[in-house]
Amino acid sequence: MSERLEDIAAAMVTPGKGILAADESSGTIKKRFDGINVASTEENRRDYREMLFRTREAMSDHISGVILFDETLRQKAADGTPLVDVIRSTGAVAGIKVDGGAKPLPGFAGETVTEGLDGLRERLVEYHGLGARFAKWRGVIAISGSLPTCSAIQANAHALARYAALCQENGIVPIVEPEITMDGVPGDHSIDRCLEVSEQVLRTVFAELYDARVSLEGMILKPNMVIDGKNARTASVDEVADKTVRCLKATVPASVPGIAFLSGGQSDEEATAHLSAMNASHDLPWQLTFSYGRALQAACLKAWSGKTENVAAGQRAFAHRARMNGLAAMGNWNQTQEQAA
Ligand code: 5MM
């Protein structure tokens, strides 16, 4: 594959394909495994992720890239093949989560800033050598009637821009992920409040990217959808789709090749339906696809439940979700296809 940032970014948003976010940090993967009563050992984490990456149909037909955690980028499959090579053999690009997590922002109760810039240049050089061609950094923005503050938005946007510039300097495409949380506390905000905050955050992020001289053609945006809080869900599929597209058109330059959404705690089917509605009924200047973690993996995790005899069932569940989201990325998903499986 070409090593130009623009070409890598274009490959990451190939029509009908999207990104698998499998970069759960140690604490998050433990939480997921606790939910299925599986111990979070290095071997179990490897087995689980190998099962995903060896789901041939899903990977070759619907997954353009996989975001990995540091441990996984260095891990080998049971037969000794590096997991990165398993991923590459399917045609997908390997990527790496490089942020150090969201930490409390001093002086701003309830808000965080994502850390991890120190030493990032050196880590990127190493990750490139290990086969990563894109990276991800997530800034987490709290939302309520009074949050976020301008200071929290600014701090996170600035860090995202510095991270993105460092990635590009090292031949790595940055996924820029400013997440306004749907499932945070108190989670009772309206969709219009989410629209207002999402616009403000994206405007600030693109101003910072511009100031940091980040090439927009060589990056991917990973935003939340514009949606009401988890304790106030009333918006219809069309309302979420329309308001999300309205927000993105007002803030994201057309030179960005692609936008790959996070699922943010939506159910599997909601995340698929929203993406499909956006692609089906709007003229868009960028590719619009998925970069889901939970909404791609939840059914597979449950079907697998840590048992070798369930690997085929886990792969079927993952293949189904990947296929449904592949259809959604083309605006072609519907309930009939969902049920047919
Ligand atoms: C897969 O989870 C990613 C890493 O999360 P932690 O740093 O909390 O362990 C996460 O960044 C993920 O890529 C995004 O939140 C999108 O995942 P969802 O589940 O929201 O689609």
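Check the entry above for the structure.
This text gives an overview of the structure that appears in the document. Position labels on residues start from 1 in each chain and follow its written sequence. Whole-chain, interface and lining totals are the exception, using all residues; otherwise, since this is a predicted model, local features are given only for residues with pLDDT of at least 70 and side-chain atom pairs are given and counted only at 80 or more. Side-chain descriptors were evaluated using all non-hydrogen atoms of the structure, hydrogens and water having been removed beforehand.

1. Quick look at helix H1 (residues 5-12)
Point 1. Residue exposure (1.4 Å probe, protein chains only): buried if accessible area is under 20% of the type maximum, exposed if over 50%, otherwise partly exposed. A helix here means a DSSP run of H or I that spans at least four residues, while a strand means a run of E at least two residues long, and both kinds are numbered starting from the N terminus. Listed in full, the buried residues belonging to H1 are Leu5, Ile8, Ala9 and Met12. Take H1 and look down its axis: the buried residues cluster within an arc of 100 degrees, on one side only. What the arc measures is the spread of directions leading from the helix axis to the C-beta atoms.

2. What to know about the side chain of arginine 321
Point 1. Mapped onto the elements of the fold, arginine 321 is located in helix H13 (residues 311-329).
Point 2. Arginine 321 sits in the buried class, given a relative accessible area of 4%.

3. Re the pattern of salt bridges
Proximity of charged atoms lets side chains of opposite charge pair with each other.
Point 1. The rule for a salt bridge is simple: a side-chain nitrogen of Lys or Arg has to be within 4 Å of a carboxyl oxygen of Asp or Glu. Using the criterion set out here, one finds 26 salt bridges in the structure.
Point 2. Linking glutamate 196 and arginine 193 is a salt bridge whose minimum nitrogen-to-oxygen distance equals 2.8 Å. In this pair, glutamate 196 and arginine 193 are both assigned in helix H9 (residues 191-211), 3 residues apart and thus about one turn of the helix distant.
Point 3. Close ionic contact of arginine 321 with glutamate 338 constitutes a salt bridge, the shortest N to O distance being 2.7 Å. Note that arginine 321 is positioned in helix H13 and glutamate 338 in helix H14 (residues 335-340), a separation of 17 residues in sequence. The exposure classification of arginine 321 matches that of glutamate 338, with both residues buried.
Point 4. A single network of salt bridges, built from pairs that share partners, joins Arg46, Asp47, Glu50, Arg54 and Asp79.

4. Notes on unusual backbone geometry
Point 1. Of note, the amide linkage connecting leucine 147 to proline 148 takes the cis form, showing an omega dihedral of 10 degrees.
Point 2. For the bond running from valine 185 to proline 186, omega is 0 degrees, close enough to zero to count as cis.
Point 3. One non-glycine residue, arginine 213, lies in the positive phi region at around 60 degrees.
Point 4. Counting through the fold element by element, arginine 213 comes out in the loop between H9 and strand S8 (220-221).

5. Some details on the nonpolar core
Point 1. Buried residues of nine kinds, namely Ala, Val, Leu, Ile, Met, Phe, Trp, Tyr and Cys, make up a nonpolar core once their side-chain atoms join them within 4.5 Å. Of all hydrophobic cores here, the largest spans 95 residues; its most connected members are Phe53, Tyr163 and Leu209.
Point 2. Note on contacts: a residue pair qualifies if any of its non-hydrogen atoms lie within 4.5 Å across the two residues. The residues contacting phenylalanine 53, other than those within four sequence positions of it, are Leu20, Ala22, Met59, Val66, Leu68, Thr72, Leu83, Val86, Ile87 and Thr90.
Point 3. The next biggest cluster of nonpolar side chains, apart from the first, holds 14 residues, and it includes Ile19, Val93, Val173 and Ile175.

6. Some thoughts on the pairing of strand S10 (residues 287-292)
Point 1. Taking burial as the measure, the 6 residues of S10 include 5 buried ones, the bulk of the element.
Point 2. Any two strands with at least two DSSP-identified bridges between them are counted as paired. Pairing of strand S1 (residues 18-22) with S10, which is carried by 2 bridges, proceeds in the parallel orientation. Within the sheet, the bridge partner assigned to leucine 20 lies in S10 and is tyrosine 292.
Point 3. Bridge count between strand S9 (residues 258-261) and S10: 4 bridges; the pairing is parallel. Counted as the bridge partner of phenylalanine 261 is phenylalanine 290 from S10.

7. With respect to the site of the ligand
Point 1. In the vicinity of the ligand there are 17 residues, among which Ser25, Thr28, Lys97, Lys136 and Ser263 approach most closely.
Point 2. Any pair of N or O atoms that falls within 3.5 Å is considered a polar contact. Within protein, one atom must be able to donate a hydrogen and the other to accept it, and sequence-neighbouring residues count only if both atoms are side-chain atoms. Within the side chain of serine 25, a nitrogen or oxygen atom sits 2.6 Å from an oxygen atom of the ligand.
Point 3. Per-residue and other accessible areas follow the Shrake-Rupley method at a 1.4 Å probe size, with only the shown protein chains counted as cover for residues. Considered on its own, the ligand offers 500 Å² of accessible surface; in the complex 92% of this is hidden by protein.
Point 4. Using only the protein atoms, space was sampled on a 1 Å grid; points where a 1.4 Å probe fits but cannot get out form cavities, open sets with protein on both sides within 12 Å along at least five of seven lines form pockets, and lining residues are those with an atom within 4 Å of a point. Whether a molecule sits in a cavity or pocket is decided by its atoms, more than half of which must lie within 2 Å of the grid points. A majority-of-atoms criterion places the ligand in the largest pocket.
Point 5. Under the scheme applied, nonpolar residues are Ala, Val, Leu, Ile, Met, Phe, Trp, Tyr, Cys and Pro; charged residues are Asp, Glu, Lys and Arg; polar residues are all the others, including Gly. In terms of residue class, the shell around the ligand is built from 3 nonpolar, 5 polar and 9 charged. A single heavy atom is enough: if one lies within 4 Å of a molecule or strand, its residue is considered near that molecule or strand.

8. Re the side chain of glutamine 266
Point 1. Locating glutamine 266 in the fold gives a position in the loop between S9 and helix H11 (268-280).
Point 2. Of the polar contacts made by the side chain of glutamine 266, one reaches the backbone nitrogen of alanine 271; its length is 3.5 Å.
Point 3. The residues touching glutamine 266, leaving out its near neighbours within four places in the chain, are Met182, Met225, Ile227, Ala271 and His274.

9. Let's talk about the packing of helix H12 (residues 294-304) against H13
Point 1. Where H12 contacts H13, the two axes come as close as 7 Å, and the packing angle between them is 160 degrees. What the angle tells us is that H12 and H13 run roughly antiparallel. The hand of the H12/H13 crossing is right-handed. Contacts between H12 and H13 pair Ala295, Leu296, Ala299, Cys300, Ala303 and Trp304 from the former with Val311, Ala313, Gly314, Ala317, Phe318, Arg321, Ala322 and Asn325 from the latter.
Point 2. In the contact of H12 with H13, the residues fall into 11 nonpolar, 2 polar and 1 charged. Here the axes come from fitting lines to C-alpha atoms, over the contacting stretch only for helices, and the angles between their N-to-C directions go from 0 to 180 degrees. We call two directions roughly parallel when the angle between them is under 35 degrees, roughly antiparallel when it is over 145, roughly perpendicular when it lies between 65 and 115, and oblique otherwise. Working rule for handedness: look at the near helix, and if it is turned counterclockwise from the far one by less than a right angle, call the crossing left-handed; if clockwise, right-handed.

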